[in-house]
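The chain contents come next:
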Amino acid sequence: MSETPSPPPSRSGCVTALMVMFGVILLLPGICALIFVADSSPHLDNRFIPILALTLLVAFAGVMLIRAARKKP
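Residues numbered from 1 in each chain as written. Predicted model: local features only at pLDDT ≥ 70, side-chain atom pairs only at ≥ 80, totals over all residues. Heavy atoms only, no water.

### Quick look at the packing of aromatic side chains
Inspection of every chain in the model, using the stated rule, returns one aromatic pair. Ring plane angle 75 degrees and centroid distance 5.6 Å describe the contact between Phe 36 and Phe 48, whose orientation is recorded as edge-to-face. Of the two residues, Phe 36 sits in helix H1 (residues 13–39) while Phe 48 sits in the loop between H1 and helix H2 (49–70), which places them 12 residues apart along the sequence. (Phe/Tyr/Trp six-rings, centres within 6.5 Å; stacked < 30°, edge-to-face > 60°. Helix = DSSP H or I, 4+ residues; strand = E, 2+ residues; numbered from the N terminus.)

### What to know about H1
An ideal rise of 1.5 Å per residue puts 39 Å on 27 residues; H1 measures up with 39 Å between its terminal C-alpha atoms. For H1, the set of buried residues is Met 19, Gly 23, Leu 26, Gly 30 and Ala 33. Where H1 is buried, its residues touch H2. (Expected span 1.5 Å × (residues − 1). Buried < 20%, exposed > 50% of the residue type's maximum accessible area, 1.4 Å probe, protein only. Contact = heavy atoms within 4.5 Å.)

### Side note on the environment of Leu 26
For Leu 26, the location among the structural elements is in helix H1. Owing to a relative accessible area of 19%, Leu 26 belongs among the buried residues under this scheme. For Leu 26, the contacting residues outside a window of four places in its chain are Val 58, Ala 59, Ala 61, Gly 62 and Leu 65.

### Some points on a nonpolar patch on the surface
Taken together, the side chains of Leu 54, Leu 57, Phe 60, Val 63 and Met 64 present a nonpolar region at the surface, about 470 Å² in accessible area. Structurally, Phe 60 can be placed in helix H2. (Patch = residues over 30% accessible without salt bridge, like charges linked within 9 Å, V, L, I, M, F, W, Y side chains within 5 Å. Areas by Shrake-Rupley, 256 points an atom, 1.4 Å probe, with all protein chains shown as cover. Salt bridge = Lys/Arg side-chain N within 4 Å of Asp/Glu carboxyl O.)

### Some words on the packing of H1 against H2
For the pair H1 and H2, interaxial distance at closest approach is 7 Å and the crossing angle is 150 degrees. When the axis of H1 is compared with that of H2, the two are roughly antiparallel. As for how H1 packs across H2, the hand of that crossing is left-handed. Grouping the amino acids of the contact of H1 with H2 by side-chain chemistry returns 21 nonpolar, five polar and no charged. (Axes fitted to C-alpha atoms, helices over the stretch in contact; angles between N-to-C directions. Parallel < 35°, antiparallel > 145°, perpendicular 65-115°, else oblique. Left-handed = near helix turned anticlockwise from the far one by under 90°. Nonpolar A, V, L, I, M, F, W, Y, C, P; charged D, E, K, R; others polar.)

That is the geometry; function is a separate question.
Take a look at the structure:
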């Protein structure tokens with residue numbers, strides 16, 4: 001009567017590796033933004049704040065992609 005649902009298909013190792021590599025690439029703009037802020041923190045121009053926020057958002061997406069790649073399906 002009640003059937004157990006079949007487990008979802010597993011993700012291949014190649015896809016997982018590509019997700020991690022792309023996530024690491026997305027982390028690079030955030031690292032550069034943090035270095036830029038640390039280098040020019042006393043006299044940071046307000047015009048750069050939206051760009052810095054965007055690069056940190058991209059880095060956050062990289063962290064989430066790496067986290068999703070590590071999670072087992």
